[in-house]
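# Reading the structure
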Amino acid sequence: MKNKHNDGLNRRDFLSKASLAFGSIMIVPRHVLGGKRPDGSSYLAPSDVLNVGFIGTGKQGRGLSNSFLSTGQVRISAISEVYQAKANLFLDRVKENYAKNPSWGAYSPIPVYQDYRELLASKNVDAVVIATPDHWHAAMAVRAAEAGKDIYCEKPLSLTVKEGRAMVNAARKHKRVFQTGSMQRSWPEFRQAVELIRNGYIGEVKSIKVNVGPPPEAYYLPAQAIPEGLDFEKWLGPNEAVAFNAELAPPISQDVFPNWRKYKEFGGGGMTDWGAHMFDIVQWALDMDQSGPVKVSAPNGKDQPYLTYTYANGIIMTHQPWEWNSGVEFVGTEGTLRSARKKLETSKPELKDRVIGPNEKHVYKSENHYVDFIQAIRNRTMPICDVEVGHRTASVCNMGNIAYAVNKSLEWNPKTEKFNDAEANALLGRKLNKTWGIKI
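In this text the structure is predicted, and so the values were computed from the model without any measurement.

Each regular strand carries side chains that alternate between the two faces of the sheet. Side chains of strand 4 (residues 127-130) alternate between two faces, with Ala-127 and Val-129 and Val-128 and Ile-130 buried alike. Bridge count for strand 1 (residues 50-55) against strand 4 is 4 bridges, and the pairing is parallel. The partner of Ile-55 across the bridge, within strand 4, is Ile-130. Looking at chain direction, strand 4 and strand 5 (residues 150-153) are connected through 4 bridges and run parallel. Each residue of the ladder has a partner; that of Ile-130, found in strand 5, is Cys-153. In terms of handedness, the path from strand 4 via helix 6 (residues 137-146) over to strand 5 forms a crossover that is right-handed.

This part takes up the nonpolar core. In this structure, Ile-208 and Phe-330 are the most contacted members of the largest nonpolar core, which totals 49 residues. Top element by residues in this core is helix 13 (residues 387-406). It accounts for 7 residues. Grouped together as the second largest cluster of nonpolar side chains are 30 residues, Leu-119, Ala-144, Val-387 and Leu-432 included.

Moving on, we come to the environment of Lys-149. For Lys-149, the location among the structural elements is in the loop between helix 6 and strand 5. With 26 residues separating them in the primary sequence, Lys-149 and Lys-175 have C-alpha atoms 9.6 Å apart. With sequence-adjacent residues up to four places away left out, Lys-149 is seen in contact with Leu-120, Ser-122, Lys-123, Val-125, Asp-126, Ala-127, Val-128, Ala-144 and Arg-176. Of the polar contacts made by the side chain of Lys-149, one reaches the backbone oxygen of Ser-122; its length is 2.7 Å.

Our next topic: the packing of helix 8 (residues 188-198) against helix 11 (residues 275-285). Running from N to C, helix 8 and helix 11 point in directions that differ by 35°, and their axes come no closer than 9 Å. As for how helix 8 packs across helix 11, the hand of that crossing is right-handed. Residues Phe-190, Arg-191, Val-194, Ile-197 and Arg-198 of helix 8 form the contact with helix 11, whose participating residues are Met-278, Ile-281, Trp-284 and Ala-285. Among the residues making up the contact of helix 8 with helix 11, the classes are represented as 7 nonpolar, no polar and 2 charged.

What follows deals with the packing of aromatic side chains. One pass over the structure, following the stated rule, counts 22 aromatic pairs. A centroid spacing of 5.6 Å and a plane angle of 65° characterise the contact between Phe-279 and Tyr-309, whose relative ring orientation is edge-to-face. Here Phe-279 is found in helix 11, whereas its partner Tyr-309 is found in strand 9 (residues 307-310), with 30 residues between them in sequence. For Tyr-309, a relative accessible area of 0% puts it in the buried group. Through a chain of ring-to-ring contacts, three or more aromatic side chains come together here, namely Tyr-219, Tyr-220, Phe-232, Trp-235, Phe-244, Tyr-263 and Phe-266. One cation-aromatic arrangement involves Lys-342 over Trp-187; the distance from NZ or CZ to the ring centre is 4.9 Å. Directly above the aromatic system of Trp-324 lies the positively charged group of Lys-343, at a separation of 4.0 Å from the ring centroid.

Time to look at the pattern of salt bridges. As a working rule, side chains carrying opposite charge can pair if their charged atoms are close by. One pass over the full model with this rule turns up 26 salt bridges. Residue Glu-329 pairs with Lys-209 through a salt bridge whose shortest N-O separation is 3.2 Å. A residue pair is termed long-range when its members are at least 10 positions apart, and Glu-329 in strand 11 (residues 327-332) and Lys-209 in strand 7 (residues 205-211) qualify at 120 residues. With relative accessibility at 6%, the residue Glu-329 sits in the buried group. Here Glu-423 and Lys-408 are joined by a salt bridge, their closest N and O atoms 2.8 Å apart. Within this pair, whereas Glu-423 is found in helix 14 (residues 422-425), its partner Lys-408 is found in the loop between helix 13 and strand 14 (409-413), the two being separated by 15 residues in sequence. Through salt bridges that share partners, Lys-209, Glu-323, Glu-329, Arg-338 and Glu-345 make up one connected network.

The topology assignment puts Asp-115 in the loop between strand 3 (112-113) and helix 5 (116-120). In this structure the side chain of Asp-115 is engaged in a polar contact, spanning 2.8 Å, whose partner is the side chain of Arg-117. Sequence-distant contacts of Asp-115, defined by excluding residues within four places in its chain, comprise Ser-80, Lys-234 and Trp-436.

Before going further, it helps to examine helix 13. For helix 13, built from 20 residues, the straight-helix expectation of 28 Å at 1.5 Å per residue is met to within 8% by its first-to-last C-alpha distance of 28 Å. With 18 of 20 residues buried, helix 13 is to be regarded as a mostly interior element. Looking one or two residues beyond helix 13, the residue adopting positive phi is Asn-407, at roughly 55°.

Strand order in the open sheet formed by 6 strands is 3-2-1-4-5-6, and the pairing between neighbours is parallel. Edge positions in the sheet fall to strand 3 and strand 6 (178-180), since each has one partner strand and no second.

Extensive coverage of helix 12 (residues 369-379) is indicated by the burial of 8 of its 11 residues. Taken as a whole, helix 12 has its buried residues at His-369, Tyr-370, Asp-372, Phe-373, Ile-374, Ala-376, Ile-377 and Arg-378. Where helix 12 ends, the next residue or the one after it, Arg-380, has phi of about 55°, a positive value.

Position of Thr-71 among the secondary structure elements: in the loop between helix 3 (59-69) and strand 2 (74-80). Spatially, the C-alpha atom of Thr-71 lies 9.1 Å from that of Ile-374, the residues being 303 residues apart in sequence. The contact partners of Thr-71, leaving out residues within four places of it in the chain, are Asn-368, Tyr-370, Val-371 and Ile-374.

Rules of the game
Residue indices begin from 1 for each chain and proceed along its sequence in written order. Given that this is a predicted model, residues contribute local features only at a pLDDT of at least 70 and side-chain atom pairs are listed and counted only at 80 or more, while totals for whole chains, interfaces and linings are drawn from all residues. The basis for every side-chain value is the complete set of non-hydrogen atoms in the structure, without hydrogens or water. Think of it in three bands: with a 1.4 Å probe and only protein chains considered, a residue is buried below 20% of the maximum accessible area for its type, exposed above 50%, and partly exposed in between. Under the scheme used here, helices are H or I runs from DSSP no shorter than 4 residues and strands are E runs no shorter than 2 residues, and both carry numbers assigned from the N terminus. Any two strands are treated as partners once DSSP identifies two or more bridges connecting them. A right-handed crossover is one whose linking path, passing over the helix from the first strand to the second, runs clockwise when the strands point away from the viewer. Here, nonpolar core refers to any group of buried Ala, Val, Leu, Ile, Met, Phe, Trp, Tyr and Cys residues whose side-chain atoms link them within 4.5 Å. It only takes one pair of heavy atoms within 4.5 Å for two residues to be counted as in contact. For this analysis, a polar contact is any N or O atom pair within 3.5 Å, provided that within protein one partner can donate a hydrogen and the other can accept it, and provided that sequence-adjacent residues contribute only side-chain to side-chain pairs. All axes are obtained by fitting lines to C-alpha atoms, using only the stretch in contact for helices, and the reported angles, taken between N-to-C directions, cover 0 to 180 degrees. Handedness of each helix crossing follows the sense of rotation of the near helix against the far helix: counterclockwise by less than a right angle gives left-handed, clockwise gives right-handed. Following the grouping adopted for this structure description, the nonpolar residues are Ala, Val, Leu, Ile, Met, Phe, Trp, Tyr, Cys and Pro, the charged ones are Asp, Glu, Lys and Arg, and the polar ones are all others, Gly among them. Centres within 6.5 Å are what make two rings of Phe, Tyr or Trp a pair, Trp counting through its six-membered ring; a difference in plane orientation under 30 degrees is then read as stacked, over 60 as edge-to-face, and the rest as tilted. When the NZ atom of lysine or the CZ atom of arginine is within 6 Å of a ring's centre and also within 35 degrees of its normal, the charge is said to sit over that ring. Only one rule defines a salt bridge in this text: a Lys or Arg side-chain nitrogen within 4 Å of an Asp or Glu carboxyl oxygen. By definition here, a helix of n residues has an expected span of 1.5 Å times n minus one.

Structure representation (structure tokens):
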């Protein structure tokens, strides 16, 4: 199972190639040594901590705050939140974590902004973590790039394909480091699965099954009183107005992930919520991070019972239930591989712990998604889940949702990012209001 040539990428080789791909700003990385940004503020030197602003401080944001602070390399210098109770809970949790971890240093008061644009205007913010509902991701990320901030944005990257492409374009134009929050790429079981597949240990991949949740539904919940301290107009942001319901933004007494993700106005259902994780592993394993499938077909109730994707090389991928919830099964000519969180199973048991040799194919290795982002900022290189990667995975999810919506078989051009169908193409973007929206 050896390759004739050494296709492995060590860290130095990868950074070199990523730097060249990332633009001229990478070739002469003066920012690593300090210096001035165009707005006159200072770049970080490698020995400095990174000043990070958090946009969105709900359940996911609170978890990310601990993940970033635990690196010992960041300071939370500002937050933006439209729900005051959640901002207060976030600050309390950060204070508690500082008290439990003296090595982090002393806690400093953190300014709170209700309008995230004020946070972006702060020279005391080097990078932002966007942990808002999906309908806000693109508008915030594009403006963050324009403000000269590096960006960590939660998955799924975007609500629509056009918004995802706008995020990529803004990051490239303004030469920003952009990490998508698909942290499974920094987990060993998924890296092992990907390297086994890329090195042909199950032969030629023929079919793939992805078990994630359903597509979204239209928002229908009854109106409830808007709680005190929530600016619901800012929560809606670029969206059309709808009635408030606590399922969208539950009170802090309920420590749950909100259900806005179930509704197409705000999220993509299980197809994007978990699909952004599991379809991402497929894209990675098939070396499709710059592309994607060329066809997606809705189930027809006959010979095609499941949503089916087809790649240009003939590999078939279905969205269907099987024994592992939120898992992926790869079927090859010489065996089967199953992958999920903390689980890896192969039809040849010895492959599970197989050490991939130095002369075999290797993928970018990250052991901590947050440290990887920080190091990419310091080195001005691409992180493991760059914005283009996140966009392509989100596009796979969104393509599936569109096929479900129009109930058709659709051809897809990964280069032009368009279907062969006008009805489907109309769903590649959405209307954004003038106050909070961006051009897509």
